[in-house]
Amino acid sequence: MRNRKLLPGFISGACTRAGGYFVATVLWGTIPAVTAAAMPAVAFQQTKVTVTGKVTDDKGGVLPGVTVQVKGTQTAVVSDDAGMFSLNLDNANATLVFSAVGYTSREEPVKGRTDLGTIALQPSKATALDEVVVIGYGTARKQDLTTAVATVNNKDFIQGAVNNPMQLVDGKVAGVTVSQTAVGDPNAGVSLQVRGASSFKAGNGPLVVIDGMPGGDLRNLAQQDIASITVLKDAGAAAIYGARGAGGVILVQTKRGRAGKVTFNYDGYIDHDVVAKKPDILSAGEFLEHKRDKDFGSVTNWYDALIRKNNIGQNHYLSASGGNENTQFRISGNYRTKEGIDVATNRKEYGLRANFLQKALNGKLELGGNFSYRTANEAYTNYGAFKQAIRLNPTIPIMDPNDPLMYNTLQGYDTYNPVQDLLARTSGAEQEYTVIDLNAKLHLTKDLNTVVNFTRQGHNMLKQEYWGAKSAGSVLNNYIGEARIQNEKWADYNFEWLANYTKRFNEHDIQAVAGYNYQEFNNYGSWLKNKRFPSDYFGYNNIGQGNWGDGQPINMNDVMSSWRSKEQDISFLGRVMYNYRQTYFVTLSGRYEGNSKFGPSNKWGFFPGVSVGWKLTNEEFLKDNDVFDDLKLRFSYGVTGRNGFDRYVALAKYSPYGQYLDDNNQWIRVFGPGNNENPNLKWERQVSYNLGLDFGIFKNKLSGSLDFYYKKGSDLINDYTVPVPPYLHDQMFVNVGTQSSKGVELALNWNAVQTEDFSYNTNLTFSYNRSRMDKFSEGIFKTDQRTLHDLPSPGNPGPAFMLRQGFAIGNFWGYKYAGVDDKGNILVWKGGVPGSEKIDATNSAGEEDKTIIGNGMPKFEAAWGHTFTYKNIDLSLFLRGRYGYQILNLYQMYYGLQAEPAVNLLKDAYTRNGQIKSGKVITDYFLENGSYTRLDNLTLGWKKQLRENAVGFSSLRVYGTVRNLFTITKYTGLDPAAVNVTGLDPGIGDLDVYPTTRSFTLGLQLNF
């Protein structure tokens, strides 16, 4: 070490870009002069270096999101959208580990270099099963799962404009039904169901968990903020969520900041809707030709008058994320407006979301948080206006012939001017959503950490309605205006304290979590209304200026009300996942949970889950086979519950009984017992079994899963009729009855073609489900059937469904059609037996002649997606459908028969239904095959990597999407996909049908 010669040091502060690589700052200290052989070892150990490079796949395509970690430390960064990375090293002789989902990890020694050039990663053998998925209170590799869990990542979401995040995965997950009856209404929600309906009053929808917050609100999410949506379908997975997991669990993870340079993303689109199909009703000339009613002298297309033909929507989203190995952040904001297909509806919303992660104490302490704020201004419509547009006389003018500035105010049973109804009033709400989520993780040892999390989720709503001087109520009652304002607030709190333990020794892996959870749900609100205003000037903004009673005494219940409610939930939870040699897997979970809504004796329940798995391809007899790359058999058992019913129903409540004169001749308000209390009300209990198979063949080009399940619910919560006395009221909320469901689910993914310029991938999901009402009675509460869904007047046709012990859920109840007599009266089969005596449906048939005539719950659901890429061009097509069920077409039943008096009708009344002259009855004549196949989405995109450009963009993508291109179906209504198929009364083709739409979207995505 003698005879050293000091070389001059230098410091370069420049950072330039050349040849597609970053040239970063390199700090050299004073370097001793040594022999060539000795110099590298001495110099590398004494220097700090910033190294850069680019990560690609085996074909040269850039790989964003690759973790670049210094081996043996927690120092790491992530490659950006151009595959670039930059990392500060304390040791120039370090080794970097490159890892990414779906690729084999690679180690690369630095050896003093500042530019590593291109690092190419090879696809891993088991791409799909190596994926890390969220499972609730933790994560796991997909190949370690022993339960029915399905995950859709954001790159696989259905593209185009959506009103609800669950539309992004509609059809993507076998067994999950996403039902939306008004896709074109930007304020409409969706109905969700996992593996069929199973409950009367405790809710059939799944539990939604957003970033770990049970009961999360999907309306507080921008679609671009979502990283993945995971569905826990069986009780083995959902048992850890206990009393709310019986309907399945949907876990939504939002995007997080990553270490690396700060990157920005813009994602925006504009969209436009058109009416996909209109009802085929009589024109004004045909209406008069058939002498439906008198001629009022006009030609009015009521349906078209309600349509906004120039509707437009826009969505602009901007995010920034980045950080280093100790600090990561992400912040995003979006602005969205959307006009509905009708003349009244619109929505305008703004949203901000931010998250951060800060490491301290040499990485032992991690502080994190999520914050979001969203406000939405909503203007509502009335779906019933479209029913009026079908039935109204098309010769009636929209405006008053005697006063063209006023609407033509119509009178009569269920008759009004639909244009006046939508435009002469204001109906909407201002919605505000907030989330504050703070968490701290402390690494106690290498294997053990503890996490404390606190979340507050808030929702404030100000609902506003005003019917002006031109509204029907004001005109008919000779006053100006009626206003109503409602304030309502929801505040939910969640506190969790978890301990996580992971350990690997020899060939054993253990992953465990245990914790405590407290949740509190608060709701309070008030409303007030008034009418008879001096003018329309103030609308609902000066509600005290009205004169409701016109100077007369009023009942205050008619003009104001307020309320408050609270619910508390406490849980102790745990789960242990164990595997031996990555071959034998066992998962045990449990949740002990108490909820304030239940009776004093039954507030607590225990919900266990157990599942096992066996990876056969790790056994010697399959290890070297040429077909199966992955083959795993799994079985799960679990118990879950439901508590989605109203609060306080188990308690004795007092309700107002009006006003009475007391002994002092004063009017006083009187209260009395409002319900039958039930101190024994307890959890609904659902036991589920699942047998599944995961597989990958032909070098994992074809992979998928197959699941068979059976679930049985008991202690179903429902209103039952009870005798008076001894009870005070004839209805009581009790636990009675059992129900069961069984089904099969299949998911396939095939990477059919993969070349340098072209690729083709296809995926298929299929599900079969049947649900049955096993038992209605228990103890003193006895019945064997119940009718559901009374059809509306006029005519009072009766209930559409019969829920009967031992029969399937969703059975339609009515007469068997037997033709018509010589007068055109509907005939039905006596006793509901085809081939027996034909009797007049209106005058001779009774309840004893009704029978089960069909079923409105689809037996099968399927979806088939295709993705093609050629160089910079991508094309995706997505088809989905439902099969094996019927729809009761109320349009045909109410507006397809000539006997309906003085209303407009479908043209079918004089063609396909022309033989029928009598009125409507529920028969299988009006049941139609609801099966359909729809090309639901077609997206064409063009993407370009921009590595060198003046404005700094790294990539851009332009795309166009068409949704609801065409539907193949025998159903003659407007849209079979718009018919609700969830719950206990599926398959009703309703009268208040919002127009079905076809949507066009043009989008731009930029990364820089």
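Within any chain, residue numbers begin from 1 and follow the written order of that chain's sequence. pLDDT decides what is reported in this predicted model: residues at 70 or higher carry local features, side-chain atom pairs at 80 or more are listed and counted, and totals for whole chains, interfaces and linings draw on all residues regardless. Side-chain descriptors were evaluated using all non-hydrogen atoms of the structure, hydrogens and water having been removed beforehand.

Undergrad: Where do I start with the overall build of the protein in this structure?
TA: A tally of regular secondary structure across the protein gives 9 helices and 59 strands. The atom set for the radius of gyration is the C-alpha atoms, and the globule formula is 2.2 Å times the number of residues raised to the power 0.38. A compact globule built from 1008 residues should have a C-alpha radius of gyration of about 30 Å, and the protein, at 33 Å, falls within 12% of that. Note on contacts: a residue pair is in contact if any heavy atoms of the two residues lie within 4.5 Å. Restricting the contact set of the protein to residue pairs at least 6 apart, pairs at least 24 apart contribute 69%. Summing over all exposed atoms, the protein offers an accessible surface of approximately 44400 Å²; the carbon and sulfur share of this is 55%. Positive: Lys, Arg. Negative: Asp, Glu. His and the chain ends are not part of the count. All charge positions are set by atom: Lys at NZ, Arg at CZ, Asp at CG, Glu at CD. Across the protein, the mean location of the 105 positive side-chain charges is 6 Å away from that of the 97 negative side-chain charges. Helix and strand assignments come from DSSP, with helices taken as H or I runs of at least 4 residues and strands as E runs of at least 2, each series counted from the N terminus. Only the protein chains shown count as cover for residues, and all accessible areas are computed by the Shrake-Rupley method using a 1.4 Å probe.

Undergrad: Just to check I follow, could you spell out the environment of Tyr407 for this structure?
TA: Residue placement: Tyr407 occurs in strand β27 (residues 403–407). Each residue's exposure class comes from its accessible area (1.4 Å probe, protein chains only) as a fraction of the maximum for that residue type: buried when under 20%, exposed when over 50%, partly exposed otherwise. Of the residues examined, Tyr407 reaches a relative accessible area of 14% and is grouped as buried. Each C-alpha atom, one on Tyr407 and one on Lys470, is 6.7 Å from the other, the two residues being 63 residues apart in sequence. Apart from residues no more than four positions distant in its own chain, Tyr407 is found in contact with Ile398, Met399, Asp400, Asn417, Val419, Gln420, Leu423, Ala424 and Lys470.

Undergrad: Teacher, can you tell me more about the pairing of strand β36 (residues 654–661) here?
TA: Each regular strand carries side chains that alternate between the two faces of the sheet. Two strands pair when backbone bridges link them, and β36 and strand β37 (residues 667–673) are joined in this way by 6 bridges, in the antiparallel orientation. Among the inter-strand pairings, Tyr660 is bridged to a residue of β37, identified as Ile668. When DSSP finds two or more bridges between a pair of strands, those strands are recorded as paired.

Undergrad: It is not clear to me how the packing of aromatic side chains should be interpreted in this structure. Could you clarify?
TA: Each aromatic ring pair is specified by the distance between its two centres and by the angle formed by the two planes. Aromatic rings from Phe, Tyr and Trp, taking only the six-membered ring of Trp, are treated as a pair when their centres fall within 6.5 Å; an angle between ring planes under 30 degrees marks them as stacked, one over 60 as edge-to-face, and anything in between as tilted. Counting across every chain of the model gives 29 aromatic pairs. Across from the ring centre of Tyr524, 4.5 Å away, lies the NZ or CZ of Arg564, which sits over that ring. Throughout this description, the term charge over a ring refers to an Arg CZ or Lys NZ atom that lies within 6 Å of the ring centre and within 35 degrees of the ring normal. The positively charged end of Arg804 is found above the aromatic ring belonging to Phe807, 5.7 Å away from the centroid.

Undergrad: Can you walk me through the sheet that holds strand β5 (residues 49–56) in this structure?
TA: Sheet strands pair via backbone hydrogen bonds, and the direction of the pair is either parallel or antiparallel. Spatially, the 3 strands line up as an open sheet ordered β8-β5-β11, and their pairing is mixed. At either margin of the open sheet sits one strand with a lone partner, and together these are β8 (84–89) and β11 (115–120). Strand-to-strand, the axes of this sheet are offset by a mean angle of 25°, without reference to chain direction. Here 4 bridges tie β5 to β11, and the two strands are oriented parallel to one another. Its bridge partner being in β11, Thr56 is matched across the sheet by Ala120. Angles shown run from 0 to 180 degrees and are taken between the N-to-C directions of axes, each axis being a line fitted to C-alpha atoms and, for helices, limited to the stretch in contact.

Undergrad: What should I look at first to understand the nonpolar core in this one?
TA: Soluble globular proteins tend to bury their nonpolar side chains together. Ranked by size, the top nonpolar core spans 66 residues in total, and within it Leu791, Leu803, Leu888, Leu890 and Tyr891 carry the most contacts. Of all the secondary-structure elements, those providing two or more residues to this core are α4 (302–305), α5 (384–391), α6 (418–423), β41 (731–735), β45 (799–804), β49 (826–829) and α9 (890–895). Looking at which element gives the most residues to this core, the answer is α9, with 5 residues. Excluding its chain neighbours within four sequence positions, the residues that come into contact with Tyr891 are Pro279, Ile390, Gly896, Leu906, Leu974, Gly989, Asp990, Leu991 and Val993. Buried Ala, Val, Leu, Ile, Met, Phe, Trp, Tyr and Cys residues that are joined via side-chain atoms within 4.5 Å together make up what is termed a nonpolar core. Val173, Val176, Leu221 and Val231 belong to the second largest nonpolar core, which has 21 residues in total.

Undergrad: Even after reading the chapter, I still don't get the environment of Asn265, so can you show me in this structure?
TA: Mapped onto the fold, Asn265 is located in strand β21 (residues 260–275). For Asn265, a relative accessible area of 19% puts it in the buried group. Residues Asn265 and Gln1005 lie 740 residues apart in sequence; the distance between their C-alpha atoms is 7.3 Å. Here a polar contact is recorded for every N or O atom pair within 3.5 Å, except that within protein the pair must consist of a potential hydrogen donor and a potential acceptor, and residues adjacent in sequence are included only if both atoms are side-chain atoms. Of the polar contacts made by the side chain of Asn265, one reaches the backbone oxygen of Leu1006; its length is 3.3 Å.

Undergrad: What exactly am I supposed to notice about the side chain of Lys850 here?
TA: Relative to the helices and strands, Lys850 is located in the loop between β50 (838–840) and β51 (851–855). For Lys850, a relative accessible area of 9% puts it in the buried group. A distance of 3.1 Å separates a polar atom in the side chain of Lys850 from a polar atom in the side chain of Glu847. Filtering out sequence-adjacent residues up to four positions away, Lys850 remains in contact with Pro797, Trp813, Gly814 and Tyr815.

Undergrad: When you look at α5 in this model, what are you seeing that I'm missing?
TA: An α-helix turns once every 3.6 residues. As a result, residues three or four positions apart point the same way. Burial of α5 is extensive: 8 of the 8 residues sit out of reach of the surface. All of the buried residues in α5 are Gly384, Ala385, Phe386, Lys387, Gln388, Ala389, Ile390 and Arg391. Residues of α5 that are buried make contact with α4, α6 and α9.

Undergrad: In this structure, what is going on with unusual backbone geometry? I would like to understand it.
TA: A negative phi holds for most residues other than glycine; trans holds for most peptide bonds. Cis geometry marks the peptide bond from Pro725 to Pro726; its omega dihedral reads 10°. The omega torsion of the bond from Ser793 to Pro794 falls at 5°, within 30 degrees of zero and hence cis. Locating Pro794 in the fold gives a position in the loop between β44 (785–790) and β45. Unusually for a residue other than glycine, Arg532 sits at a positive phi of about 60°. Secondary-structure assignment places Arg532 in the loop between β31 (508–531) and β32 (560–580).

Undergrad: Is there a simple way to think about the pairing of β27 in this case?
TA: Both strand β26 (residues 399–400) and β27 contribute to a ladder of 2 bridges, which runs antiparallel. Bridge pairing in β27 links Asp400 to Asp403. Hairpin connection from β26 to β27: 2 residues lie between these consecutive antiparallel strands.

Undergrad: Looking at this structure, how should I read the side chain of Asn164?
TA: With respect to the secondary-structure elements, Asn164 resides in the loop between β14 (149–153) and β15 (176–179). A residue is classified by how much of its surface remains accessible, and Asn164, at 9% relative accessible area, is buried. Polar contacts involving the side chain of Asn164 include one to the main-chain amide nitrogen of Met166, which spans 2.9 Å. Discounting chain neighbours no more than four positions away, the residues touching Asn164 are Val190 and Leu218.

Undergrad: Any chance you could explain the sheet that holds strand β48 (residues 817–820) here in plain terms?
TA: Pairing in this open sheet of 3 strands is antiparallel, and the strands run β48-β49-β50 from one edge to the other. Looking along the sheet, the strands with just one partner apiece sit at the ends: β48 and β50. Within the sheet, the average angular offset between the axes of one strand and its neighbour, ignoring direction, is 40°. Pairing of β49 with β50 involves 3 bridges; the strand directions are antiparallel. Bridge assignment links Val828 to a residue of β50, and that residue is Ile839.

Undergrad: Even after reading the chapter, I still don't get the confidence of the model for the protein, so can you show me in this structure?
TA: Residues shown with low pLDDT carry predicted positions that ought not to be read at fine detail. In the predicted model, the protein carries a mean pLDDT of 89, and the fraction of residues at 70 or more is 94%. In the model, residues 1–46 has pLDDT below 50 throughout and makes 55 contacts with residues more than four positions away in sequence or in other chains. Each residue carries a pLDDT score, the predictor's confidence in it, ranging from 0 to 100.

Undergrad: Whenever I open this one, the pattern of salt bridges confuses me. Can you help?
TA: Oppositely charged side chains are able to pair whenever their charged atoms sit close together. Any Lys or Arg side-chain nitrogen located within 4 Å of an Asp or Glu carboxyl oxygen qualifies as a salt bridge. Per the counting criterion, the structure on display carries 48 salt bridges. The partner of Arg113 in a salt bridge is Glu108, and the shortest N-O contact between them spans 3.1 Å. For Arg113, a relative accessible area of 32% translates into the label partly exposed. A salt bridge links Arg195 to Glu745; the nearest nitrogen and oxygen atoms lie 2.8 Å apart. Of this pair, Arg195 sits in the loop between β16 (191–194) and β17 (207–210) while Glu745 sits in strand β42 (residues 738–754); the two residues are 550 residues apart in sequence, bridging distant segments of the chain. Like Arg195, the residue Glu745 is buried in the burial classification. Overlapping salt bridges bring together Asp211, Asp225, Arg256, Arg330 and Arg353 as one network.

Undergrad: Could you clarify how one ought to interpret the environment of Arg219 in this entry?
TA: Note that Arg219 resides in the loop between β18 (213–214) and β19 (226–232). With relative accessibility at 40%, the residue Arg219 sits in the partly exposed group. Residues Arg219 and Phe572, 353 residues apart in the sequence, show an inter-C-alpha distance of 29 Å. Those residues in contact with Arg219 that sit more than four places away from it in its chain are Arg374, Tyr433 and His459.

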